[in-house]
Amino acid sequence: MSGAVIEVADLVVRYGTATALDRVALTVGAGEMVALIGPNGAGKTSLVNAVLGLLRPASGRVRLSGRAGLVPEGRQMFDDLTVEDNLALGAWRRRGRGARDTAPVYRALPRLAELRGRRAGTLSGGEQQMVAFGRALMAAPDVVVVDELSLGLAPLVTADLAGHLRALNAERGVAVLLIEQNARLALDLCGRGYVLEAGRIRAEGTAAELAAGPAVLDAYLGGR
Ligand code: ATP
């Protein structure tokens, strides 16, 4: 598909003899917001790592067009560094003037400007997730991959971060691949999505189709 920022086809990932991903196919179009929903151990992080080139698949194709920014599972702050320094690390792949300029990130996420001198380890979970988000923006990404936006965060904090993600997409056209265990959140935010279970895509479709379909209803929305 042309215009895709992420294209995955026939992807197989194995750890020893265990198959973590079995012939997975997924695309994220330019400027699109796509959800990847699945329970613990479904293979979501393996998929993210394969897309970002952090692990070598057993077979299949992965194509990433343009730059990706990652909001990793568990946020992965450098606790002893300041917010400003954590952000600067997000530009490690970029070269040239302005690559380490944090001002655009503070404009997008003004709360981070207030926190810039604080050590990351002293921040709340929601604040750390915002730093992780800002660090991903420092890559000047065409697509942001968020591995578990809501994990361990209060609903209001999650809603605030979700708003920033939506604004980033709407105002700058940055594509988003949102990995989530919270199906309702993911489908509220994204136009389209995939359900991953035990290494396989069990369902895919528009948010409305998935919300009404058995894969999501059974497993996540309590048979609404
Ligand atoms: P979680 O939400 O818990 O992070 P996930 O959906 O991201 O789960 P993965 O972390 O991709 O799932 O794991 C998929 C499967 O592969 C699981 O059964 C997991 O135990 C296994 N697995 C993941 N990493 C390794 C590894 N390095 N070595 C062996 N098995 C692994």
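Keep in mind that what you see is a predicted model, and the values were worked out from it rather than measured.

Here is what the cut-offs are and how they apply
- Residues numbered from 1 in each chain as written.
- Predicted model: local features only at pLDDT ≥ 70, side-chain atom pairs only at ≥ 80, totals over all residues.
- Heavy atoms only, no water.
- Helix = DSSP H or I, 4+ residues; strand = E, 2+ residues; numbered from the N terminus.
- Rg over C-alpha atoms; globule rule 2.2 N^0.38 Å.
- Buried < 20%, exposed > 50% of the residue type's maximum accessible area, 1.4 Å probe, protein only.
- Contact = heavy atoms within 4.5 Å.
- Areas by Shrake-Rupley, 256 points an atom, 1.4 Å probe, with all protein chains shown as cover.
- Lys, Arg positive; Asp, Glu negative; His and termini not counted.
- Charge placed at Lys NZ, Arg CZ, Asp CG, Glu CD.
- Near = heavy atom within 4 Å.
- Polar contact = N/O pair within 3.5 Å; in protein donor to acceptor, adjacent residues only side chain to side chain.
- Nonpolar A, V, L, I, M, F, W, Y, C, P; charged D, E, K, R; others polar.
- Pairing = 2+ DSSP bridges.
- Right-handed = clockwise from strand over helix to strand, strands pointing away.

1. Observations concerning the overall build of the chain
- In terms of regular secondary structure, the chain is built from nine helices and nine strands.
- Against the compact-globule benchmark of 17 Å for 224 residues, the chain has a radius of gyration of 17 Å, which places it among compact chains.
- Dimensions along the principal axes, computed over C-alpha positions, put the chain at roughly 45 × 35 × 35 Å.
- For the chain, buried positions account for 50% of its 224 residues.
- Within the chain, counting contacts between residues at least 6 apart in sequence, those at least 24 apart form 68% of the total.
- Here the chain displays about 10500 Å² of accessible surface, and carbon together with sulfur accounts for 50% of that area.
- Of the charged side chains in the chain, 26 are positive and 23 negative, and the gap between their average positions amounts to 5 Å.

2. Examining the site of the ligand
- Lining the immediate surroundings of the ligand are 13 residues, of which Gly-41, Gly-43, Lys-44, Thr-45 and Ser-46 lie closest.
- A distance of 3.1 Å separates an oxygen atom of the ligand from a polar atom in the side chain of Asn-40.
- Within the contact set of the ligand, an oxygen atom lies 3.0 Å away from a backbone nitrogen or oxygen of Ala-42.
- Taken by itself the ligand offers 630 Å² of open surface, and the protein chains cover 56% of this.
- Tallying contributions element by element places helix α1 (residues 44-51) first for the shell around the ligand, with three residues.
- A class-by-class count of the residues in the shell around the ligand yields four nonpolar, six polar and three charged.

3. Focus on the pairing of strand β6 (residues 143-147)
- Within β6, five of the five residues are buried, leaving the element largely enclosed by the surrounding structure.
- Alternating residues of β6 divide into Val-143, Val-145 and Asp-147 and Val-144 and Val-146, and every residue in both groups is buried.
- Of the pairings in the sheet, the one linking strand β5 (residues 68-71) to β6 comprises four bridges and is parallel in character. In the sheet register, Gly-69 faces β6, and the bridge partner there is Val-144.
- Relative to strand β7 (residues 175-180), β6 runs parallel, the two being bridged by five bridges. Bridging across to β7, Asp-147 finds its partner in Ile-179.
- Handedness of the crossover joining β6 and β7 through helix α6 (residues 155-172): right-handed.

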